[in-house]
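# Observations on chain architecture
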Amino acid sequence: MNGRVGSEKAGSPASARCDTLHRALSECHGRFRDDLQRSIACRHLNRSLAECLVSALCPEEAEAVRSLCSSAGTSLKRSQCRDSQLALSVCLASHQEAD
């Protein structure tokens, strides 16, 4: 994995950020032999890299989920949150490689 995804251009701010997070996560994994310690120590980098990649692949859908699902609200907002989560899932699925 090189951290570049989808239509993201090499050298773009998102690409550079994802590449940096990927290197940091790889280095973190190299520092810990024990799976539990590695999981605990590298959790924040793992989550940050995942969020970076999702945002790079599906920026509009990821932003919609962030804004619509960030807090409780009316039944309309909850419905919009579910719809945006589904749209994000569809977008991410469209980028997956077939087995």
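Coordinates for the structure precede this section.
Now for a quick tour of the structure.

Criteria and cut-off values
Residues numbered from 1 in each chain as written. Predicted model: local features only at pLDDT ≥ 70, side-chain atom pairs only at ≥ 80, totals over all residues. Heavy atoms only, no water. Helix = DSSP H or I, 4+ residues; strand = E, 2+ residues; numbered from the N terminus. Buried < 20%, exposed > 50% of the residue type's maximum accessible area, 1.4 Å probe, protein only. Contact = heavy atoms within 4.5 Å. Areas by Shrake-Rupley, 256 points an atom, 1.4 Å probe, with all protein chains shown as cover. Core = buried A, V, L, I, M, F, W, Y, C linked by side-chain atoms within 4.5 Å. Axes fitted to C-alpha atoms, helices over the stretch in contact; angles between N-to-C directions. Parallel < 35°, antiparallel > 145°, perpendicular 65-115°, else oblique. Salt bridge = Lys/Arg side-chain N within 4 Å of Asp/Glu carboxyl O.

Now for the overall build of the protein chain. Looking only at helices and strands, the protein chain has 4 helices and 0 strands in total. What you see in the protein chain, going N to C, is helices and strands ordered as α-α-α-α. Relative to its full complement of 99 residues, the protein chain shows a buried share of 25%. Considering only residue pairs separated by 6 or more positions, the protein chain has 47% of its internal contacts joining residues 24 or more positions apart. On the protein chain, roughly 7,000 Å² of surface is accessible, and the fraction owed to carbon and sulfur atoms is 54%.

Before going further, it helps to spend a moment on the nonpolar core. Of all hydrophobic cores here, the largest spans 9 residues; its members are Cys18, Leu21, Leu25, Cys28, Cys42, Leu45, Leu49, Cys52 and Leu53. When contributions to this core are tallied by element, the ones reaching two or more residues are helix 1 (13–31) and helix 2 (35–57). Per-element tally for this core: the top contributor is helix 2, with 5 residues. Residue contacts for Cys28: discarding those within four places in its chain leaves Ala41, Cys42 and Leu45. By size, the runner-up hydrophobic cluster in this structure holds 5 residues, among which are Cys58, Ala62, Val65 and Leu88.

Running from amino to carboxyl end, helix 2 crosses helix 3 (residues 59–68) at an angle of 120°, the nearest separation of the two axes being 5 Å. Classified by the angle their axes make, helix 2 and helix 3 are oblique. For the pair helix 2 and helix 3, the contacting residues are Val54, Ser55, Ala56 and Leu57 in the first and Pro59, Ala62 and Arg66 in the second.

Take the pattern of salt bridges next. Considering all chains together, one arrives at 3 salt bridges under this definition. Asp35 is the salt-bridge partner of Arg38, the closest N and O atoms lying 3.0 Å from each other. On the criterion of helical spacing, the pair formed by Arg38 and Asp35 is a turn pair, its members being 3 residues apart in helix 2. Taking relative accessible area as the criterion, Asp35 reaches 56% and is therefore assigned exposed. Arg66 is the partner of Glu63 in a salt bridge, and the nearest nitrogen-oxygen pair spans 3.3 Å. Taken together, the residues span about one helical turn, with Glu63 and Arg66 both in helix 3 at a distance of 3 residues. On the basis of relative accessible area, Glu63 is assigned to the partly exposed category, the value being 41%.

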